[in-house]
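# Coordinate analysis (summary)
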Amino acid sequence: QVQLVESGGGLARAGDSLSLSCAASGRSLDLYAMAWFRQAPGKDREFVAARVWDIGSTYYAGSVKGRFTISGDKAKNTVYLQMNSLNPEDTAVYYCAARLRRGGIYYGAMKDDYGYWGQGTQVTVSS
């Protein structure tokens, strides 16, 4: 069983920066990848960024590329999301997700790629 806990959400102004953190814990933890998704009211949960630990690959949604940076520490099973140049469109509940090592095709940006999810942390950006 994997437990994910996000932190760092809150209120920010347009143009400001905010950093989120997600720590994974569990017995025999061996994560293949971790990711961030977000969901705004009335909208589907959408992919934000992902990191594949094996080779340090990163993937970003077009809406955040160049503004957000995903990073982390595999040994600590922790991933971060540095969000710069925030705008009101970034307002959403941000969820951390993790994938254990297993078979199957990994796409990265699909919800079904990840078997574990955090409770989410609210990010609100005012103009």
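Relevant structure appears above.
First things first, this report covers the structure right here in the doc. (Residues numbered from 1 in each chain as written. Predicted model: local features only at pLDDT ≥ 70, side-chain atom pairs only at ≥ 80, totals over all residues. Heavy atoms only, no water.)

## Let's talk about a nonpolar patch on the surface
- A cluster of nonpolar side chains, I105, Y107 and M110, forms an exposed patch at the surface whose accessible area comes to about 390 Å².
- Along the chain, I105 turns up in the loop between β9 (92-100) and β10 (116-117). (Patch = residues over 30% accessible without salt bridge, like charges linked within 9 Å, V, L, I, M, F, W, Y side chains within 5 Å. Areas by Shrake-Rupley, 256 points an atom, 1.4 Å probe, with all protein chains shown as cover. Salt bridge = Lys/Arg side-chain N within 4 Å of Asp/Glu carboxyl O. Helix = DSSP H or I, 4+ residues; strand = E, 2+ residues; numbered from the N terminus.)

## A few points about the environment of S127
- Examined against the element boundaries, S127 turns out to sit in the segment after β11 (121-126).
- Separated by 38 residues in sequence, S127 and E89 place their C-alpha atoms 9.9 Å apart.
- Not counting chain neighbours up to four residues away, the residues in contact with S127 comprise A14 and P88. (Contact = heavy atoms within 4.5 Å.)

## Description of the side chain of T78
- By the secondary structure assignment, T78 is in strand β8 (residues 78-83).
- Within polar-contact distance, the side chain of T78 engages the backbone oxygen of K76 at 2.9 Å.
- With residues near it in sequence (within four places) discarded, T78 still touches S21, C22, A23, M34, W53, S71, G72 and D73. (Polar contact = N/O pair within 3.5 Å; in protein donor to acceptor, adjacent residues only side chain to side chain.)

## Some remarks on unusual backbone geometry
- Despite not being glycine, N77 has its phi angle at roughly 50°, a positive value.
- Looking at the secondary structure, you find N77 in the loop between β7 (68-73) and β8.
- In the Ramachandran plot, S85 falls in the positive-phi region, its phi being about 50° despite a non-glycine side chain.
- Structurally, the position occupied by S85 is in the loop between β8 and β9.
- Under the relative-accessibility criterion, S85 is labelled partly exposed at 43%. (Buried < 20%, exposed > 50% of the residue type's maximum accessible area, 1.4 Å probe, protein only.)

## Some points on the sheet that holds strand β3 (residues 18-26)
- Here we have 4 strands laid out as an open sheet, ordered β1-β3-β8-β7, and antiparallel in their pairing. Both outer strands of the open sheet, β1 (2-7) and β7, are each paired with one neighbouring strand and no more. For this sheet, the mean inter-axis angle between neighbouring strands, taken without regard to orientation, is 15°.
- Relative to β3, β1 is paired through 6 bridges, and the arrangement is antiparallel. For E6, the partnering residue across the bridge sits in β3 and is C22. (Pairing = 2+ DSSP bridges. Axes fitted to C-alpha atoms, helices over the stretch in contact; angles between N-to-C directions.)

## What about the pattern of salt bridges?
- Tallied over the entire structure, the rule returns 6 salt bridges.
- Close ionic contact of R38 with E46 constitutes a salt bridge, the shortest N to O distance being 2.7 Å.
- On the basis of relative accessible area, R38 is assigned to the buried category, the value being 5%.
- What emerges from the salt-bridge pattern is a single network uniting R38, E46, R67 and D90.

## Some words on the nonpolar core
- Judged by nonpolar contacts, the single largest core of 36 residues is most densely connected at M34, W36, L81, M83 and Y94.
- Contributing elements (two or more residues each) for this core: β1, β3, β4 (31-39), β5 (46-52), β7, β8, β9 and β11.
- The leading source of residues in this core is β4, at 6 residues.
- When neighbours within four sequence positions are excluded, Y94 is seen to be in contact with E6, L20, W36, F37, R38, V48, F68, L81, M83, G120, T121 and V123. (Core = buried A, V, L, I, M, F, W, Y, C linked by side-chain atoms within 4.5 Å.)

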